[in-house]
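# Summary of the model geometry
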Amino acid sequence: MTLDVASAILNRRAIKQFDPAYAIPDSDLERILDLARRMPTAFNIQNWRFVVVKDPDLRRRIRTVAWDQPQVTDASVLLILCADINAWEKSPERYWENAQPDVRSAMTAAIDQYYRGREHVQRDEGMRSCGMAASAIMLLAQSMGYGTCPMDGFDFDAVGALINLPADHEIVMFVALGKPAAPPKPSGGALPRTELVIENAFPR
Ligand SMILES: Cc1cc2nc3c(=O)[nH]c(=O)nc-3n(C[C@H](O)[C@H](O)[C@H](O)COP(=O)(O)O)c2cc1C
């Protein structure tokens, strides 16, 4: 099944009940993650890291520090989207390996100039990148007949310890992905466009 983007957006819901017996084929998961990696990152630093948690015992332990939410154990996979906060300084020339040498060295210098000493920018960039990847993952999964639940209802430090999160990485969010076992409850509803869309600048 292939849905267009608008249909995937309109049909996606946060799934709370997954079929625990369903295993997503590796090829589908690879396709979702390979396409999600085509989303943009600033300076192409690709500072997202995707932890694919399948191990049932680890999933049970994560659930205990995630408000006992069943999606953590019952989805086919639990994706933990992490940001490598120091990606900007880890051999940044490789982010521009396809570029001409002069472009590559200019971009490498620009990356250093933009991020060095700006810890909040480094962290925010990880949040932006993973947010975009999460959206792509959810819409791709939807278009392939799966359901997802974005999640931040968990103890970030405890989950970090369980997955051996490196010191210079941050967990951004989970995306639980699998076969829905029950339709979601009615949507909470959308605020009016007039409250959310501002023309040119906020009123004084
Ligand atoms: C960043 C983020 C964190 C969320 N955390 C949780 C969570 O921990 N548990 C949960 O059941 N739903 C969680 N949700 C789902 C939201 O409650 C849900 O997306 C929202 O109510 C809109 O409903 P819909 O996704 O079905 O349209 C989260 C959503 C987002 C975007």
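Notes on the structure in this doc start here. Fair warning: this is a prediction, and the values are worked out from it, not measured in the lab.

### Some points on the pattern of salt bridges
For the coordinates displayed, the defined rule picks out ten salt bridges. Salt-bridge contacts for Asp 57 lead to Arg 61; the nearest nitrogen and oxygen are separated by 3.5 Å. Taken together, the residues Asp 57 and Arg 61, both in helix 3 (residues 56-64) and four residues apart, mark about one turn of the helix. For Asp 57, a relative accessible area of 37% translates into the label partly exposed. When the shortest N-O distance is used, the salt bridge between Arg 128 and Glu 125 registers 2.8 Å. Taken as a pair, Arg 128 and Glu 125 lie in helix 6 (residues 119-143) at a separation of three residues, close to a single helical turn. Connected through salt bridges with shared partners, the residues Arg 49, Asp 84, Lys 90 and Asp 168 form a single ionic network.

### Looking at the sheet that holds strand 4 (residues 169-178)
The sheet built from four strands is open, its strands ordered 1-2-4-3 with antiparallel pairing. Two strands lie at the open edges of the sheet, namely strand 1 (48-53) and strand 3 (147-151), each paired on one side alone. Neighbouring strand axes in the sheet, compared pairwise and without regard to direction, differ in orientation by 25° on average. Alignment of strand 2 (residues 77-84) against strand 4, held across eight bridges, turns out to be antiparallel. From the neighbouring strand, Asp 84 faces strand 4, where its bridge partner is His 169. Docked against the sheet, helix 3 engages strand 1, strand 2 and strand 4, running at close to 70° with respect to strand 2.

### Considering the site of the ligand
As a structural note, the neighbourhood of the ligand is formed by Arg 12, Arg 13, Ala 14, Lys 16, Gln 69, Gln 71, Cys 149, Pro 150, Met 151, Asp 152 and Gly 153. Between the ligand and the protein, one listed contact pairs a nitrogen atom with a backbone N or O atom of Pro 150 at 3.1 Å. Between an oxygen atom of the ligand and a main-chain N or O atom of Gly 153, the distance comes to 3.0 Å. When the free accessible area of the ligand is taken as 620 Å², the share hidden by the protein chains comes to 61%. When its residues are assigned to classes, the shell around the ligand shows four nonpolar, three polar and four charged.

### Overview of the packing of aromatic side chains
Per the stated rule, a full pass over the model turns up eight aromatic pairs. Ring centres of Tyr 22 and Tyr 146 lie 6.1 Å apart, and the angle between their planes is 50°; on these two criteria the pair is classed as tilted. Of the two residues, Tyr 22 is situated in the loop between helix 1 (5-11) and helix 2 (26-36) and Tyr 146 in the loop between helix 6 and strand 3; the sequence distance between them amounts to 124 residues. According to the relative accessible area criterion, Tyr 22 is partly exposed, its value standing at 24%. Overall, Tyr 146 belongs to the buried group, its relative accessible area being 4%. Above the face of the Tyr 114 ring, Arg 118 is positioned so that its terminal group lies 4.9 Å from the ring centre. The residue whose ring lies beneath Lys 179 is Tyr 146, and the NZ or CZ to ring-centre distance is 4.7 Å.

Cut-offs used in this document
By convention here, each chain's residues receive numbers from 1 onward along its written sequence. Per-residue local features of the predicted model are confined to residues with pLDDT of at least 70, and side-chain atom pairs are confined, for both listing and counting, to 80 or more; whole-chain, interface and lining totals are unaffected and use all residues. Hydrogens and waters are ignored; side-chain quantities use all the structure's heavy atoms. For this analysis, a salt bridge means a side-chain nitrogen from Lys or Arg found within 4 Å of a carboxyl oxygen belonging to Asp or Glu. Only runs of H or I of at least four residues qualify as helices and only runs of E of at least two qualify as strands under DSSP, and these elements are numbered from the N terminus. Residue burial is assigned from relative accessible area. The probe radius is 1.4 Å, only protein chains are included, and a residue is buried under 20% of its type maximum, exposed over 50%, and partly exposed in between. By this definition, two strands are paired if DSSP reports at least two bridges between them. Axis definition: a line fit to C-alpha positions, over the contact stretch in the case of helices; interaxial angles, taken between N-to-C directions, run 0 to 180 degrees. Note on contacts: a residue pair qualifies if any of its non-hydrogen atoms lie within 4.5 Å across the two residues. Here a residue is considered near a molecule or strand provided that any single heavy atom belonging to it is located within 4 Å of it. Think of a polar contact as two N or O atoms within 3.5 Å of one another; within protein, one of them needs to be a possible hydrogen donor and the other a possible acceptor, and neighboring residues in sequence only count if both atoms come from side chains. Working definition of accessibility: Shrake-Rupley area with a 1.4 Å probe, residue cover restricted to the visible protein chains. Charged means Asp, Glu, Lys or Arg here, nonpolar means Ala, Val, Leu, Ile, Met, Phe, Trp, Tyr, Cys or Pro, and polar covers whatever is left, Gly included. Centres within 6.5 Å are what make two rings of Phe, Tyr or Trp a pair, Trp counting through its six-membered ring; a difference in plane orientation under 30 degrees is then read as stacked, over 60 as edge-to-face, and the rest as tilted. Note on criteria: charge over ring means Lys NZ or Arg CZ within 6 Å of the ring centre, with the direction from the centre no more than 35 degrees off the ring normal.

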